[in-house]
Every structure is written in structure tokens, then in C-alpha cells.
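Descriptive structure summary
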Amino acid sequence: MENQKTYSKVIVYHDETKKIENTNLYGHILLFAPTELKIEKYGTLFGDVVEDYQPITEFHEKIMEIRKRYKAYHKSHFNEIPRSGKWTKYNQCEREFVELGIDALKTKRISMFKHPLLFKMAIIFYPLSMLDIYGGDKKEKRLRYHETLFRMLLKGAVHFLYDKQNHIEILKIISDGNPYHRKLSEDRILRRLIIDDLIGERPLRDYVTIDPDCEIIQQSSNHKDFEENTKEYLHANMLQLADMLLGCVIHSCYKGLRIQNPSPSIGQRVEDKRGIIALPMKEMLDKRKRGKNWWCFIIS
């Protein structure tokens, strides 16, 4: 088997969930999507080879193909999917949206792309606790707690999901929605990691880089808020993917899927629409339990 190294310049898409029904848990997801991917292969039949790709662009083109196929230009939001009812073209679009996202996370046996896109995913589920160690009013305490967990997830994920053969550079973080009572703190999330690295206190590993101009951008995940050919339009679709993947993980882990027909026809009545949409994620999570490649990092 040939040796290879990968170099991913990624945009990190962030979303979070309110308290998960029937639990005391909240959640963050970070979706690592390479805007530039370089793969260096050594010792192939053709000698040493360098391949360059633009995975986010390739993925977004596929999203638009699915939307056009079903004339489904709605905003995909997992919690807004009806629990039961007739299976619609919008549901089929959402199901294929998730399947596309799963394929982008794979490193082998991909079926929808010509090569692995090397997307990766990190999720943390957590209860609200230890808020009193933070200053400020109740809103500020909660936000500082969320920012701490955000930073912990970010650092843990890049160290776990990447290695000396797979380098990562974080270009920017794009978070779904408007700021809380204030914007997410770049000092608490990004600068803290950079400063710790510079002073040698819990430094980032040598295969992890944060671009000096990296920033946290908060924007709408509704693509209808932007012109179609803009970067913001693309980012909105990627934020919807993060939302759908997080919803699929929650439904797979905490809700219990009730699947009678995993591939319903449009117009057919189903009892668990969300379960059918989440099924590809459930299947991937089950493979992960058997130790099949590291495409996700989940803390619960």
C-alpha cells in the first residue's frame, strides 16, 4: 500500500442544539470541511504523485444537484422535519443530503465522489454545570461555559482526527445564527489555543495550524438570505449539513429509530420520518463502534 500524506485547509462549521428532549444534555457539532486538500502519494506505480482538490466546492455542487432534482429549495433543519406523515420530495431531498454528508466523511468505499473529501465531524453532549466558576450574569455564565466546551471540543477533535500523516490548517470558523447577547469570543476559543501553543502550555501538536487571520463568523444558515453564487450561500448550505448531521446523531443515540420501511416511496405514509433520514448516520455510528476508521469524535 502506498504511503501518503494529506494537507487539509479547512473551514469549521459550528452548530449547537438546545436541551435534548427527555435528557439534561446540550450539544455542539464541529464539521471540518476542507476548502483545499492536497494529497501527496509516494511509491505509486507512477512514482510520487501530488493531487489537489477543492472538497467544499465539489460537495456544494452535489447539494445543488439534489435540490434541483427534487425542486426542493427549502432550508433543511432536522428538528423541523415532521415526525410522521406522507414521505415527500422534501424528505427525500433531506435523506439524500444526509447520505451525501456521510459519503463526504468516508475515507474508503465512497460512492458519490471520485475521491475522498476527508470531511470530519466532532460532537460533544454535555449537561449545564459548574456555571458559578464564571463571572457575569446568568446569560454570560452560560455563554462562557459554552465557549469553554467549544474550545475543548475543537482542540480534542483536531488532535484525535488528524495526525502526522494528516495535517490540518483551520482557516475560519462559521457558526450558525446570530450572536447571543454578544458574539462568540475569539479570545476564549481561538486566541487561547494559539497563546497556549506559543508559550508551550498544552501546545497544539505539530500537525495542527490555526491561520493567524482565523476568525469566528456568525451567519444565517438559511441560504435564501443570500445570492446563489456567493460564499455566504455556500456556507449556509454547509451549516444546514452540520445541523442535519447533529440531528441524525441525536436521533440515533437518544431517540430510538422506528424504521418500518427504510426506503419509502414519495407519497407513502411513514411513522418516523426523522428515523429514516437518520438511518445512514446510525449505520455509520455502528461501524465506528467496530473501530472502522476515525471520521468522527464524539464526547458524551
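Now for helix 5 (residues 231–255). With 25 residues, helix 5 extends 35 Å from end C-alpha to end C-alpha; this agrees with the ideal 36 Å at 1.5 Å per step. Burial analysis of helix 5 places 20 of its 25 residues in the buried class, which makes it a mostly covered element. Positive backbone phi, at 85°, marks G256, one or two positions downstream of helix 5.

The next subject is the packing of aromatic side chains. Going through the model one piece at a time under the given rule, you end up with eight aromatic pairs. Between F125 and Y254, the aromatic rings sit 5.2 Å apart at their centres with planes inclined by 85°, giving edge-to-face as the arrangement. With F125 in strand 5 (residues 120–126) and Y254 in helix 5, this pair connects stretches of sequence that are 129 residues apart. Take Y254: its relative accessible area is 29%, and that puts it in the partly exposed class. Members of the aromatic cluster, joined through ring pairs, are Y26, Y126, Y134 and Y145. The aromatic ring of Y7 is capped on one face by K38, whose charged end is 5.3 Å from the ring centroid. When the ring centre of Y162 is taken as origin, the NZ or CZ atom of K120, which lies over that ring, is 5.6 Å away.

With 17 residues, helix 2 (residues 89–105) extends 24 Å from end C-alpha to end C-alpha; this agrees with the ideal 24 Å at 1.5 Å per step. For helix 2, a buried count of 14 out of 17 residues is recorded, marking the element as mostly surrounded by other parts of the structure. Between a side-chain oxygen at the N-terminus of helix 2 and the backbone nitrogen of Y90 the separation is 3.2 Å; the capping residue is T88.

Here we take up the layout of surface pockets. Taken as a whole, the largest pocket holds about 910 Å³ of empty space. Lining the largest pocket are 36 residues, with E16, T17, K18, K19 and N79 positioned closest to its centre. Taken together, the elements giving at least two residues each to the lining of the largest pocket come down to strand 1 (3–17), helix 3 (138–161), strand 6 (166–176) and helix 5. Residue contributions to the lining of the largest pocket peak at eight residues, all from helix 5.

Among the structural elements, S175 can be located in strand 6. Only 2.7 Å separates the side chain of S175 from the side chain of H14, close enough to count as a polar contact. Residue contacts for S175: discarding those within four places in its chain leaves H14, L184, I217, Q218, Q219 and L239.

This part covers empty space enclosed by the protein. Leftover empty space is mapped by rolling, across the atoms, a probe with the size of a water molecule. Scanning the model with the defined rule gives one cavity of 30 Å³ or more in all. By volume, the largest cavity amounts to about 30 Å³. I63, I66, R67, C93 and F97 are the residues that line the largest cavity. Broken down by secondary-structure element, the contributors of at least two residues to the lining of the largest cavity are helix 1 (55–70) and helix 2. Per-class residue counts for the lining of the largest cavity are four nonpolar, no polar and one charged.

Thresholds, definitions, all that
- Residues numbered from 1 in each chain as written.
- Predicted model: local features only at pLDDT ≥ 70, side-chain atom pairs only at ≥ 80, totals over all residues.
- Heavy atoms only, no water.
- Helix = DSSP H or I, 4+ residues; strand = E, 2+ residues; numbered from the N terminus.
- Expected span 1.5 Å × (residues − 1).
- Buried < 20%, exposed > 50% of the residue type's maximum accessible area, 1.4 Å probe, protein only.
- Phe/Tyr/Trp six-rings, centres within 6.5 Å; stacked < 30°, edge-to-face > 60°.
- Lys NZ or Arg CZ within 6 Å of the ring centre and 35° of its normal.
- Polar contact = N/O pair within 3.5 Å; in protein donor to acceptor, adjacent residues only side chain to side chain.
- 1 Å grid on protein atoms, 1.4 Å probe; cavity = no way out; pocket = protein on both sides within 12 Å on 5 of 7 lines; lining within 4 Å.
- Points joined across faces, edges and corners; volume = space filled by probe spheres on them.
- Contact = heavy atoms within 4.5 Å.
- Nonpolar A, V, L, I, M, F, W, Y, C, P; charged D, E, K, R; others polar.

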